[in-house]
Amino acid sequence: MINKLDIKTHSKTEFQEITSKVREMVRDSGIKSGICVVYVPHTTAGVMINEHADPDIVSDILHQLEEIAPRQGKYKHTEGNAAAHIKSALIGTSVTLPVNYGELALGTWQGIFFGEFDGPRNREIMVTIITNSL
Ligand code: ZN
């Protein structure tokens, strides 16, 4: 089962937590045990799992990504968004989570974050939920 999640971003770069939306999709699917894949079909966005208890952490990650790939730099890509492609490559475009007893097997401190690196835009996330019990 593939679900789509529409996201509206508001800044050039930002992380948006999507844990509760993905959790709801898993609950709605009714599966007890399996795998949930969260995939971003974009080249200037990404998805990661990291700490959601302290918002300073995603802020620090965003800041460090900016240090590694500053908006202005000596890039060959002429579209003007090379830095966004690099950030997307570093963060990655999918995460895979186990589903146990009908719930995402996230650790206490973990959350799922969508990363925008060339916003603001309307984005799409694909959530594939597969059961391992037939
Ligand atoms: Zn580009």
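Data block above holds the structure.
Here the structure is a predicted model, which means the values were calculated and not measured. Numbers given to residues run from 1 along each chain, matching the order in which its sequence is written. Residues qualify for local features only when their pLDDT is at least 70, as the model is predicted, and side-chain atom pairs are given and counted only at 80 or more; totals for whole chains, interfaces and linings, by contrast, use all residues. Side-chain measures were taken over the full set of non-hydrogen atoms in the model, leaving aside hydrogen atoms and water.

*Asks:* I keep staring at the packing of aromatic side chains and nothing clicks. Help me out?
*Replies:* For any pair of aromatic rings, the description consists of the separation of the ring centres together with the inter-plane angle of the planes. We call Phe, Tyr and Trp rings a pair once their centres come within 6.5 Å, taking the six-membered ring for Trp, and we label the pair stacked below 30 degrees between planes, edge-to-face above 60, and tilted otherwise. What the rule picks out here adds up to one aromatic pair. Measuring from centroid to centroid gives 5.9 Å for Phe-15 and Phe-117, while their planes differ by 85 degrees, and the two rings are edge-to-face. Here Phe-15 is found in strand β2 (residues 14-17), whereas its partner Phe-117 is found in the loop between β7 (110-116) and β8 (122-131), with 102 residues between them in sequence. For the exposure calls, accessible area comes from a 1.4 Å probe over protein chains only, and a residue counts as buried if that area is under 20% of its type's maximum, exposed if over 50%, partly exposed in between. The exposure class of Phe-15 is buried, given its relative accessible area of 14%. When its relative accessible area of 2% is taken as the criterion, Phe-117 is described as buried. Note on conventions: DSSP H or I runs of at least 4 residues are helices, E runs of at least 2 residues are strands, and numbering of each starts at the N terminus.

*Asks:* Explain the sheet that holds strand β5 (residues 94-100) here, please?
*Replies:* Think of a sheet as strands paired side by side through backbone hydrogen bonds, with each pair either parallel or antiparallel. Pairing between two strands is assigned when DSSP locates at least 2 bridges connecting them. An order of β1-β8-β3-β5-β6 is seen for the five strands of this open sheet, with the pairing classed as antiparallel. Here the strands that pair on one side only, and so sit at the sheet edges, are β1 (2-8) and β6 (103-104). With six bridges connecting them, strand β3 (residues 34-39) and β5 associate as antiparallel partners. Each residue of the ladder has a partner; that of Val-37, found in β5, is Thr-96.

*Asks:* I would appreciate a short explanation of helix α1 (residues 19-29) in the present structure.
*Replies:* For an α-helix, the turn length of 3.6 residues means that residues three or four places apart are oriented alike. Of the residues making up α1, those classed as buried are Thr-19, Val-22, Met-25, Val-26 and Ser-29. Projection of α1 onto a plane perpendicular to its axis shows the buried side chains occupying an angular sector of 130 degrees, all on one side. Of the exposed residues in α1, those oriented more than 90 degrees away from the buried face are Ser-20, Glu-24 and Asp-28. Gly-30, located one to two residues past α1, shows a positive phi value of around 80 degrees. Arc, as used here, means the arc of the directions from the helix axis to the C-beta atoms.

Note that every value here comes from positions in space, so none of it alone points to a role or purpose.
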